[in-house]
Each structure stands twice: as C-alpha cells, then as structure tokens.
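Read off the chains here:
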Amino acid sequence: MTTAPGTTDLADETVVASERTADHTQRDLLRLATAGSVDDGKSTLIGRLLYDTKSVLADQLAAVERATAARGGGAVDLALLTDGLRSEREQGITIDVAYRYFSTATRAFVLADTPGHVQYTRNMVTGASTAELAIVLVDARKGVLEQTRRHATITALLGVPHVVLAVNKMDLVGFDEATFRSIADEFAAYAAQVGLDDVVAVPLSALDGDNVVERSARTPWYDGPTLLEHLEVVPVLRDPGTEAFRFPVQVVIRPRTSEHPDYRGYAGKIASGVVRVGDEVTVLPSGKSSVVTGIDTFDGPLDEAHAPRSVTLRLADDVDVARGDLVVPTGAQVTVAQELRGTVCWLAERRSVLGQRVLVRIGTRTVRALLREVDARLDVDGLVVERFTGVDTLHAVDATDTSSDAAPSALGLNAIGRVTLRLADAVPLDDYAEHRRTGGFLLVDPADGSTLAAGMVGATLLDRLAPQDDPADEADWLAGAGI
Amino acid sequence: MTLSPTFTQLDALESEAVHVMREVAGEFERPVLLFSGGKDSIVMLHLARKAFWPSPVPFTLMHVDTGHNFPEVIDYRDDVVERYGLRLVVASVQDAIDDGRVVERPDGSRNPLQTVPLLDGITQHRFDAVFGGGRRDEEKARAKERVFSLRDEFGQWDPRRQRPELWDLYNGRHKPGEHVRVFPLSNWTELDVWRYIEREEIDLPSIYYTHEREVFLRDGMWLAPGDWGGPRADEVLETRAVRYRTVGDMSCTGAVESVASTVADVIAEVAASRLTERGATRADDRASEAAMEDRKREGYF
Ligand SMILES: Nc1nc2c(ncn2[C@@H]2O[C@H](COP(=O)(O)OP(=O)(O)O)[C@@H](O)[C@H]2O)c(=O)[nH]1
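Residues numbered from 1 in each chain as written. Chains lettered and ligands numbered in written order. Predicted model: local features only at pLDDT ≥ 70, side-chain atom pairs only at ≥ 80, totals over all residues. Heavy atoms only, no water.

Caption draft 1: Geometry of the environment of Val256(B). All names here are of chain B. If you trace the backbone, Val-256 turns up in strand S10 (residues 255–257). Since its relative accessible area comes to 18%, Val-256 is described here as buried. As for Val-256 and Ala-241, which are separated by 15 residues in sequence, their C-alpha atoms are 8.5 Å apart. (Helix = DSSP H or I, 4+ residues; strand = E, 2+ residues; numbered from the N terminus. Buried < 20%, exposed > 50% of the residue type's maximum accessible area, 1.4 Å probe, protein only.)

In structure tokens, the structure reads:
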C-alpha cells in the first residue's frame, strides 16, 4: 500500500530533487483515454495517478484537503481532484471530454477523461480517437458488464492499439486472485471477438493505491506491472519503418521574399511512416509523381523525418500541389474513389436523413457529399448488428419525415452505422483499420458548420460482426441475434 | 524496433501546435494572434515563425493594452514587431474609457475591462480566427476547452455549440460575424512552456527574471508603484528581489520574491513550488494569485 495522502512530505523532497535532475529532454508523450461506468472509481483512479506522480498543483491539493476536512476529515478524497464534471452532471449540463496532464521522469501523459452517462458513446469516441491506449475500468465486485463490453467495442472501433483492463476495488473482494482471473479471462475473450489484441489486466485499488503507482503487498500472486509501470513502457509510436508514409498537405509555403524568391514548399504533419530526401512520391488525387528534394524545418534541413513531425517538403518538379492533397510513396496502393464506404458515429442531436448533403472532412481536404445509404447499425450495448435492406434512397425518402419507423435507418445521437457516401470528387481513401491517421473523417453540416459525425473509412468491425455479402446469415441478424 | 528515439514530448507538443497554426492559415481569411508580451504569447509567436519558415508570420498581432503596462514589456513588444516585420494592432482600454464604451472601476483594475476593446478590435478588423495562449491544465474549468472554440457575434462561448474534436481534424467553419478562438498550447503545462523556452533559447521580457524593484504589499501580493494608483498612504515601499510569473495590468499583477536569474532557475522554482507550497500562508497567496488569473482570463479569454 502506498503512503496515505497528507503524509508525503518526505516523498515530496525526493520528487523535487528528481524534477531538477531528471533529463526531461528525453521524455516522450503518450495519449490515453479512460472509460468506466459510474462509480467504478474512475475519478479516484485519475486522482490517484495525478497525486502519486506529484502532478497536482499545490493550490488544487489544498482545496481538496479543505473540502475533505469540511466533510469531517479522513483520507483525502482524490476523486475531488477531477471533480469539475460532477457538479455539471448534477446540473444536467452537457458532459464532455476533459483532458488531464501528468508526467514521470521518462514520459508525459495526456489523458482524455470520458465520463459515462447520456452522451457516452460520443465522448468516448472523441477521447479514443487520439489515444494510443485505453484504460477500461471495472469494479471487481461487478465484473464485466454490458457497459464494459460497450467500452471495449468502441475502443476496437477507434483502433486504439493498447488496452488496460483496470480491475478496481480489489480491496472489496479481499484481493482474491480467482476473482481477478475470471474477470480478466472473460474480458480477454470478448476483446478477442472485437479484435483487440493487446490487453493487459491489472488488479488494483484506486482508493488505497495498490498497483496504481506502487506495487501492492496485498497481491503477491500478481507479477505483472503496476498501472503506471505499464503506461511508461507501452510504445508511443508505431514502428515508422513498418508504416506507410502519408503526408496531407496543409499549406503551400511561398515566401516570395528577396531572400527566398523562388522557394516553394509543402507544409504538413507527417501522418504516418517515414520520408527521406530522394524518395519518389505521388501526389493524390492528381497522381502526379516527383522526388523529395528537401525536408525543411526552421531548425535546418533533415535527411529523413518520421511521423508525427511537422515539416515542409520540397519536390523536384513543379507539380501542382495544394492544401488538401495527400503525398504518398510512388507505387503505394491507395484507392482514389468517389464512393466512400465507412462506419460513422453520429454526434449530432438531429438524426441523419438519407440523401442529405454533407461535407466530408478527410485529411486536410473538404469535399461535398451525399449520404446515400445506411445499411447496418451497431447496437453497442448488446453488440448486435441490425441490418437494413440496402435501398438507394436518394429519391425514395421523405427528408422531412424523421419518425423512426418512416426512416428505420436514420442514425440518432450516439448511433454507429455502416454508410455509403457519394463524394463530389474522387479523393484518396485509406482504410482506417490500417491507416488510423488518414482513414478518419468528419461529416459536417454545410448549413451551420456543426460536426455531425465521426467517420472511419471501411467497416472492419461491422463487417466482422455482420458480413455484408452473406445472405444466409441475414435472417438471424434481422431477428436481432447477437454474437 | 527502430523507433525514432529523438522525438520527445516537447517535439510532440511543438509539432501539434505548428499543425494547428497551419490549419488556421489554411482555413481562415484573417487570423490574429493575441500578443500580451507574456511568455505564452511569446511561445506562440515563436511557433508561428517555425510553422511558416521561410515565409514571414502570416498573422497580425493584437495587443489589448490596459494602459497600465510594464515598460519592459512594451519595449519587448515593439522590438519583436520590428525584428520580424510583423503587423501590430493595439486595442486600447484607455480609448474605450475615453469613448465611454467602458467605465473605469473603483479599484482601478483594468483586467476586467479588456473584453470590450478586444471584441471591438476583432469586429473592426474582421478577424475570424483569434489565437490565444490558454492551456487546459490551468484550471479545472478549462480542462474541457476545445483547441478550436467557436464564439458568437458577442464573443460568447455557448457550450451547446462546441464541437467534438476528433483525431487532428479541426472544424473551423463559422458564420459571418462569428469567430473561432484557437489554443495551440492546449496540451502544454506551465513546466512544458518553461522547458520549451529553455530548449529554444527564447528571449523573454526582463521582468520574468529576478531584479531589484521597489514594491509594496497589498492583499498578499507585491505590487509595483505606478500612475495607476499605488501605493496608498498606508502602504510602504521597500526594495526587494522579485520576478513576475505573468505580465499584465500593473495594478493587479503581483511579483513573487525570487532570485531566479536564468530559465533553469525558474524551472527549478516552478517545479518546486507546485509540489511543496503547502503552508497556509503560501496557499493563500496562491489562491489569490489564481483568482487574479481567473479574472484576467474572463476578461481576456
Ligand atoms: N473500496 C474502494 N472504493 C473505491 C475504490 N475506488 C473508488 N472507490 C469508491 O467508489 C466510489 C466512486 O468512486 P469515483 O471515483 O467517484 O467513481 P467514478 O464515478 O467512476 O468517477 C467512491 O466512493 C470511491 O471512494 C477502490 O479501489 N476501493
């Protein structure tokens, strides 16, 4: 068990010393998201991570200590550290993703705290979109619940590469190994079904601190890492050598100054992979090819650069390159098409309407589009895929009638559906399952600019649960059978 | 694995901020960078220079001038504007008082008066994207702020209209008259900002480092005398070794006693103070300092 809050003056001295001496220039950055049902202990766990890594500002801690004292004392309630959301919850204000920051000597963390409740799916999809790791929390007394499965499904849908199953409140089950094992096994089986392959389960008590930062003496049967130990070693970047190079062009740099009269560079952030001077590249959608003659930065030219570095590329030929273009290695197999089949999570209150006009924001490009078809919807609670007959609905649907039985395929807030979009122009489409950094897109309302949906090119998860071209299964799916 | 070992946390934060700035350049017609001469706005300007090199910074700078400035900060501002060939517009609180658009407060503080000249400046110059140095770690309420934050014609933030932000796809669409506040430093902490200043060897106004100054104590803060109205008869001037942690309106920006004379000293001080300042008196100091910052933020951002 770790030292109780309030008795850590000595520990502070040590940390201050390490803050001063540690080589922060070698520290890297991990983005992660948390998911848990209400009262599983998510606030306590995040508070514990902030507190035990000494990432709590002194004035915040003082406020929490005062609040604890006002309630009659006892151990400091760490959940209060991240409690900005609780009062909102009580007031019924829209619950939202909150970002928290903590760090150790070797790694800094950006944590997307996605609260449960009404807008759950929307929040978790948002938080998971940038996360390299998701912590899925369960209460050891309750085990894997429907909501746990929902969290795993969304984690899989968003392609989060690493998952930690945090089995919390182990103190309330007497740190029983069998309880932990059976929860971990049940979760692992489900995770495999939805395609999550890196899952690590940790038995912990957020309240007492067991296995969060400090190794617990109360789980002698557990020889895995503590939560923080694991967070510190998970790879932050995928091996850039195994990832295809992708570079969405943000702006064209043309100074036209006396010093740089003819300079022309293409500025962007490398979405994935590596680029080297001399590489042959192709600009999509035009298909024009050229050679990289320079990788420029303010600090000087580079011979090679990796994702996710922001750089400026120079090309040998005077090819016509503009914002919205995608630079890929010459010879890469990239679909350039006007039809986009993908999976969307609907984020707006207004339901989708077949035939509706939208803007698709993909990479740095925005293209007009029509929502042509919604042929399946994923029920994340039961993990059931509901299928519809694929009607071309452009003319068949009354756009003003949004009652659910008139438009069975309409997607409401938080719904996840398999869709087909018809794009005004042919654009490069990377499958999200393989290209997480370029395969994501937004649907935007052209009228008021609001973000309607988050989308992913392709439908790996839904296809796996409900294969499109297998009519033999159709009756079962229509009958609402789960997997 | 052959991961790039040299891509550090600061590289990641820099790359993200540069990406955000380039998105603004690509999607907006008339972006402006709020430049107070404080460390966060100086870091933003540095990032803007890096993002568009070898082109000059494609944004106008706007300074909301309370009229109670530290001369060192104004000198710094004018110097960078000249050195990098920038365009500066000044939104003046004094002008707004003279025109009757705002009314001077009895306590003399002009921080809360900054909103009107700021919004008038945005309207007058038809700015559609406004860069601010806000960070999510500054306080609980900011933890949910977006990188792109939509404001209506009155500069107001409507929680229901804030858009979910996914991946690095920022949605900056807005109606005429509306604008978007953009926070490229959203994911930076105060220590990150200081470590970046150290790494990039960024010059700051001299008041960020220790210097001898005549100050007097008011509400637990060391304030510098000036024509804004201090000290009062009962307040005693004394000379102390101090530095400032924020720059702003002289009437309510307090100095802290410090001998930190280099960035490394400041980093050590910030790292230590956030971890150990627990004593009652110090905590009270900090609470009032935080409240001061909040007020500044309400008015300014
Ligand atoms: N016994 C025990 N209680 C816990 C643990 N973690 C959280 N709790 C308690 O569970 C309740 C809900 O915790 P909270 O962090 O607010 O849950 P959230 O709704 O998931 O954020 C609080 O009363 C906590 O003190 C734990 O590891 N052990």
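Caption draft 2: Region of interest: helix H6 (residues 190–200) of chain B. All names here are of chain B. Of all eleven residues that make up H6, nine are buried, and the element is covered over most of its length. Taken as a whole, H6 has its buried residues at Glu-190, Leu-191, Asp-192, Val-193, Trp-194, Arg-195, Tyr-196, Ile-197 and Glu-200. After H6 finishes, the residue Glu-201 shows a positive phi value of roughly 50°.

Caption draft 3: Inspection of the interface of chain A and chain B at higher detail. Facing the 88 residues of chain A at the interface are 64 residues of chain B. Counting the surface lost from both chain A and chain B, the interface buries some 6600 Å², and carbon and sulfur atoms represent 56% of this. Across the contact surface, chain A and chain B share six salt bridges. Between Asp299(A) and Lys50(B) there is a salt bridge, with its nearest N and O atoms 2.8 Å apart. On the surface where chain A and chain B come into contact, there are 23 residue pairs in polar contact (both at pLDDT 80 or more). In terms of residues, the side of chain A that touches chain B owes the most to one element, helix H1 (residues 9–21) of chain A, which gives six residues. Among the residues forming the side of chain A that touches chain B, the class breakdown is 38 nonpolar, 24 polar and 26 charged. (Contact = heavy atoms within 4.5 Å. Buried area = accessible area lost by both parts, 1.4 Å probe. Salt bridge = Lys/Arg side-chain N within 4 Å of Asp/Glu carboxyl O. Polar contact = N/O pair within 3.5 Å; in protein donor to acceptor, adjacent residues only side chain to side chain. Nonpolar A, V, L, I, M, F, W, Y, C, P; charged D, E, K, R; others polar.)

Caption draft 4: Region of interest: the domain arrangement of chain B. Residue and element names in this part refer to chain B. The assigned domain composition of chain B is domain 1 (9–191 + 291–297) and domain 2 (204–286). Using only C-alpha atoms to locate each centre, domain 1 and domain 2 end up separated by 25 Å. In this complex, domain 1 contributes 21 residues to the contact, which on the side of domain 2 involves 22 residues. Across the interface of domain 1 and domain 2, roughly 1900 Å² is buried in total on both sides, 64% from carbon and sulfur atoms. (Domains from an automatic or database assignment.)

Caption draft 5: Highlighting the site of the ligand. All names here are of chain A. Residues in contact with the ligand amount to 16 residues; listed here are only the nearest, Asp-39, Lys-42, Ser-43, Thr-44 and Asp-171. Contact distances for the ligand include 3.4 Å between an oxygen atom and a backbone N or O atom of Asp-40. Starting from 580 Å² of accessible surface for the ligand in isolation, the protein chains cover 80%. With three residues, the single largest contributor to the shell around the ligand is helix H2 (residues 42–52). Tallied by class, residues from the shell around the ligand come to four nonpolar, six polar and six charged. (Near = heavy atom within 4 Å. Areas by Shrake-Rupley, 256 points an atom, 1.4 Å probe, with all protein chains shown as cover.)

Caption draft 6: Molecular detail of the sheet that holds strand S7 (residues 247–248) of chain A. Reading across from one edge, S7-S15-S11-S12-S14-S9-S8 (chain A) is the order of the seven strands in this open sheet, with antiparallel pairing throughout. On the outer flanks of this sheet lie S7 and strand S8 (251–253) of chain A, each paired with one strand and no other. In the packing of helix H1 (residues 9–27) of chain B onto the sheet, contacts are made with S8, strand S9 (265–269) and strand S14 (310–315) of chain A, and the angle to S14(A) comes to roughly 60°. (Pairing = 2+ DSSP bridges. Axes fitted to C-alpha atoms, helices over the stretch in contact; angles between N-to-C directions.)

Caption draft 7: The packing of helix H5 (residues 120–129) of chain A against helix H6 (residues 146–157) of chain A, seen in detail. Residues and elements named next belong to chain A. It is at 10 Å that the axes of H5 and H6 come closest, and there the two elements cross at 40°. In this view, H5 runs oblique relative to H6, as classed from their interaxial angle. In this structure, H5 crosses over H6, and the sense of that crossing is right-handed. Where H5 approaches H6, its residues Tyr-120, Thr-121, Met-124 and Val-125 are matched on the opposing element by Arg-150, His-151, Ile-154 and Thr-155. (Parallel < 35°, antiparallel > 145°, perpendicular 65-115°, else oblique. Left-handed = near helix turned anticlockwise from the far one by under 90°.)

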